[in-house]
Amino acid sequence: MDGAGVDGRGVVVTGGGNGIGRAIATRMAAGGARVVVNDLDAGAAAEVAAVIGGVAVPGDAATEAGVAALVEAATAELGTIDIFFANAGIGGGGGLLETTEAQWARALEVNVLAHVRAARLLVPGWVERGGGRFVVTASAAGLLTQIGSAPYSVTKHAAVAFAEWLAVTYGDDGVVAQCLCPQGVRTQMLDSTGVMRDMISHDGELEPEQVAEVVWDALHDDRFLILPHEKVRDYYSFKAASTDRWLGGMRKLKRRVDAARG
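Residues numbered from 1 in each chain as written. Predicted model: local features only at pLDDT ≥ 70, side-chain atom pairs only at ≥ 80, totals over all residues. Heavy atoms only, no water.

Draft legend 1. Spotlight on helix α8 (residues 208-218). Burial in α8 covers these residues: Pro208, Val211, Ala212, Val215, Trp216 and Ala218. Projected down its long axis, α8 carries its buried residues within an arc of 160°, all on one side. Here the buried face of α8 lies against α1 (19-30), β4 (83-86), β5 (132-137), β6 (175-180) and β7 (225-226). (Buried < 20%, exposed > 50% of the residue type's maximum accessible area, 1.4 Å probe, protein only. Helix = DSSP H or I, 4+ residues; strand = E, 2+ residues; numbered from the N terminus. Arc of directions from axis to C-beta. Contact = heavy atoms within 4.5 Å.)

Here is the structure:
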């Protein structure tokens, strides 16, 4: 597939220093895009930018000031931001009772409000000129759930909902909103999941580069849900059609996880 829709476009990737973000930034640059790499880790952002011929703009893209600085710097560098990959995200936190207020607040900031704040700055200009693309990296947990982590599950559901809202509200104005919902991907976040890894990777672990290739294809057909693990579509359909049976199955999985944890 050619890069006719990406070649020469201005692209920003948050969380672009590692994992899925790095792979997306690399794939977009290979397709001819002019790429700004954002990450909290300034060294990682600089390394990726140097490898792909992009520009590093490190910083915290979750805060209001941070995302404003990113958009301003990226616009100065690129002229226009045509595609924004709201990819940065965090795990963290446990169940409802042991998760602190600070953990909830940070998960909401990074996994939800970062998207809202970026869209607030970008979408009006896209509507005015009749085009733009906003790609949210959520998770299969945003369509299903995440056993063991209330903040991750709740905020990833919210990320999917926000992307849906953008698609409904601005789709007729030329703004394309898409939502990436991978399952098991070989990243630092997956490495930190412990006994949950087998469940998350039940349908196989993908390399970040494989996910980026699925994203590349999705840019050319504008599909809303980008599902590197196709089995997630079946689970999502079953959840909608038989919610109580699905919840029963998830409780069974939780019992297995609890037993593995001892």
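Don't stop here, the text continues.
Draft legend 2. Spatial organisation of the state of the cysteines. Enumeration over the complete set of coordinates arrives at 0 disulfides. Looking at Cys179, it has no disulfide partner, and the nearest cysteine sulfur is the one in Cys181, 3.8 Å off. Taking the relative accessible area as the measure of exposure, Cys181 reaches 0% and is therefore buried. (Disulfide = S-S within 2.5 Å.)

Draft legend 3. Up close: the pattern of salt bridges. Summed over the entire model, instances satisfying the criterion amount to 9 salt bridges. When the shortest N-O distance is used, the salt bridge between Glu47 and Arg22 registers 3.6 Å. Within this pair, whereas Glu47 is found in helix α2 (residues 42-52), its partner Arg22 is found in helix α1, the two being separated by 25 residues in sequence. Of the residues examined, Glu47 reaches a relative accessible area of 44% and is grouped as partly exposed. (Salt bridge = Lys/Arg side-chain N within 4 Å of Asp/Glu carboxyl O.)

Draft legend 4. Examining the sheet that holds β4 more closely. Overall, parallel pairing links the 7 strands, which are arranged β3-β2-β1-β4-β5-β6-β7 in an open sheet. One side of each edge strand has no neighbouring strand; the edge strands of this open sheet are β3 (55-56) and β7. Pairing geometry for strand β1 (residues 10-13) and strand β2 (residues 34-37), over 4 bridges, is parallel. Looking across to β2, one finds that Val11 is bridged to Val35. Sitting on the sheet, α2 touches β2 and β3, and the angle it makes with β2 is about 165°. Lying on the sheet, helix α4 (residues 101-129) is in contact with β4, β5 and β6; it crosses β5 at an angle near 165°. (Pairing = 2+ DSSP bridges. Axes fitted to C-alpha atoms, helices over the stretch in contact; angles between N-to-C directions.)

Draft legend 5. Quick peek at the pairing of β1. Side chains of β1 alternate between two faces, with Gly10 and Val12 and Val11 and Val13 buried alike. For the crossover that starts at β1, traverses α1 and ends in the parallel β2, the hand is right-handed. Note: β1 against β4, 3 bridges, orientation parallel. Each bridged residue has a counterpart across the sheet, and for Val13 the counterpart in β4 is Phe85. (Right-handed = clockwise from strand over helix to strand, strands pointing away.)

Draft legend 6. Representation of the packing of α1 against α2 within the structure. In contact at an axis separation of 10 Å, α1 and α2 are set at 20° when each is read in the N-to-C sense. The angle between α1 and α2 places the two elements in the roughly parallel class. The chirality of how α1 crosses α2 is right-handed. Taken together, the residues of α2 that come into contact with α1 (itself represented by Arg22, Ala25, Thr26 and Ala29) are Glu47, Val48, Val51 and Ile52. Residues of the contact of α1 with α2, tallied by class, amount to 5 nonpolar, 1 polar and 2 charged. (Parallel < 35°, antiparallel > 145°, perpendicular 65-115°, else oblique. Left-handed = near helix turned anticlockwise from the far one by under 90°. Nonpolar A, V, L, I, M, F, W, Y, C, P; charged D, E, K, R; others polar.)

Draft legend 7. Summary view of empty space enclosed by the protein. Evaluation of the coordinates by the stated rule reveals 1 cavity of 30 Å³ or more. Approximately 60 Å³ is the volume attributed to the largest cavity. Of all the elements in the fold, those that place two or more residues in the lining of the largest cavity are β4 and α4. Counting residues per element, the lining of the largest cavity draws most heavily on α4, at 4 residues. A per-class count over the lining of the largest cavity returns 8 nonpolar, 2 polar and no charged. (1 Å grid on protein atoms, 1.4 Å probe; cavity = no way out; pocket = protein on both sides within 12 Å on 5 of 7 lines; lining within 4 Å. Points joined across faces, edges and corners; volume = space filled by probe spheres on them.)

Draft legend 8. Focus on the packing of α4 against helix α5 (residues 150-170). Between α4 and α5, the shortest axis-to-axis distance is 8 Å and the interhelical angle comes to 10°. Looking at the two axes, α4 sits roughly parallel to α5. Handedness of the crossing formed by α4 with α5: right-handed. Taken together, the residues of α5 that come into contact with α4 (itself represented by Trp104, Ala107, Leu108, Asn111, Val112, His115, Val116, Ala119, Val123 and Val127) are Ala150, Pro151, Tyr152, Val154, Thr155, Lys156, Ala158, Ala159, Phe162, Leu166 and Tyr170. Taken together, the residues that form the contact of α4 with α5 break down as 17 nonpolar, 3 polar and 1 charged.

Draft legend 9. Spotlight on α2. What α2 keeps buried is the set Ala44, Ala45, Val48, Ala49 and Ile52. Summarising the axial view, the buried residues of α2 lie within an arc of 130°, below the 170-degree limit, and thus occupy one face. For α2, exposure combined with an orientation more than 90 degrees from the buried face picks out Ala50 and Val51. Contacts from the buried residues of α2 go to α1, β2 and β3. Note on α2: the residue one or two positions beyond its end, Gly53, has a positive phi of about 75°.

These figures come from the coordinates and say nothing about function on their own.
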